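Chain residues, written in single-letter form:
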Amino acid sequence: MSDVVIDVQQPSYANAVFAEKGFAAAASPILEKARQRAAEEQLPYAGSVSPQDAWALVSSGEAVLIDVRTAEERKFVGHVPETRHVAWMTGLSLSRNPRFTRELEGKAGKDDVVLLLCRSGKRSAAAAEAAAKAGFKNVFNILEGFEGDLDEQQRRGAFNGWRNAGLPWIQD
């Protein structure tokens, strides 16, 4: 990605820069802010949102949430109800799913606002980059992921992430 400098006081300029690069304009203040941060951080995808902002977008019908964790993680750790699933990595060795973008196309359109969720926000960031390269114009990473970052005891779920925020989730 080229060097992009955006005046965050002028959101219409941020939309113009993204439009030049083939990204669709932000439909909400949440997405506009995420796009501005993405430009500042030179992210190769549309941007990142907090779990709380992701839930606001999904519950208002503005976005599609795609869980990119393994089927086992969804089953044994829990998942957001009514989400779609496309594994970014598969198998015991956690190899990258070679069909990821093709499977993603089966779950969401390339112009849809797509929010990707993993355990901590790292795999979903890599998946967002791959999706953007495949032509998804509005793909966003969900920061902190489903379980959140590791705490000082090397455990997840103690201070951030989807579950810690008290957002809807279920477990099989």
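Calculation rules
- The residue numbering used here restarts from 1 in each chain and proceeds along that chain's sequence as written.
- Note on the predicted model: pLDDT of at least 70 is required for a residue's local features to be given, and 80 or more for side-chain atom pairs to be given and counted; whole-chain, interface and lining totals, by contrast, use all residues.
- Hydrogens and waters are ignored; side-chain quantities use all the structure's heavy atoms.
- Aromatic rings from Phe, Tyr and Trp, taking only the six-membered ring of Trp, are treated as a pair when their centres fall within 6.5 Å; an angle between ring planes under 30 degrees marks them as stacked, one over 60 as edge-to-face, and anything in between as tilted.
- The secondary structure listing takes helices from DSSP runs of H or I that are at least 4 residues long and strands from runs of E that are at least 2 residues long, numbered from the N terminus.
- Here's how the labels work: a residue is buried when its accessible area is under 20% of the maximum for its type, exposed when over 50%, partly exposed in between, all with a 1.4 Å probe on protein chains only.
- Any Lys NZ or Arg CZ that is within 6 Å of a ring centre and within 35 degrees of that ring's normal is treated as a charge sitting over the ring.
- Cavity means a closed set of points on a 1 Å grid over the protein atoms alone, one where a 1.4 Å probe fits but cannot get out, pocket means an open set with protein on both sides within 12 Å along at least 5 of 7 lines, and lining means a residue has an atom within 4 Å of a point.
- Grid points are joined across faces, edges and corners, and a volume is the space filled by probe spheres set on the points.
- Three residue categories are used. Nonpolar comprises Ala, Val, Leu, Ile, Met, Phe, Trp, Tyr, Cys and Pro, charged comprises Asp, Glu, Lys and Arg, and polar comprises the others, including Gly.

Draft legend 1. How the structure looks around the packing of aromatic side chains. Taken as a whole and assessed by the stated rule, the structure comprises three aromatic pairs. Judged by centre distance (5.0 Å) and plane angle (90 degrees), the rings of W88 and F100 are edge-to-face. Linking W88 in the loop between β3 (84-85) and β4 (89-90) with F100 in helix α5 (residues 100-107), this pair joins segments that are 12 residues apart in sequence. Between F146 and W169, the aromatic rings sit 5.9 Å apart at their centres with planes inclined by 85 degrees, giving edge-to-face as the arrangement. With F146 in the segment after β7 (139-142) and W169 in the segment after β7, the pair connects residues that are 23 residues apart, well separated along the chain. Under the relative-accessibility criterion, F146 is labelled buried at 0%. The positively charged end of R69 is found above the aromatic ring belonging to F146, 4.3 Å away from the centroid. Against the face of W169 rests R163, its NZ or CZ located 4.9 Å from the ring centre.

Draft legend 2. Fine view of the layout of surface pockets. Each pocket or cavity is described by its volume, and for the largest pocket that value is around 170 Å³. As for the largest pocket, its lining consists of 13 residues, and the residues nearest its centre are T70, E72, M89, G91 and L94. Among the elements of the structure, α4 (71-77) and β4 are those that each provide at least two residues to the lining of the largest pocket. It is α4 that contributes the most residues to the lining of the largest pocket, three residues altogether. Per-class residue counts for the lining of the largest pocket are five nonpolar, four polar and four charged.

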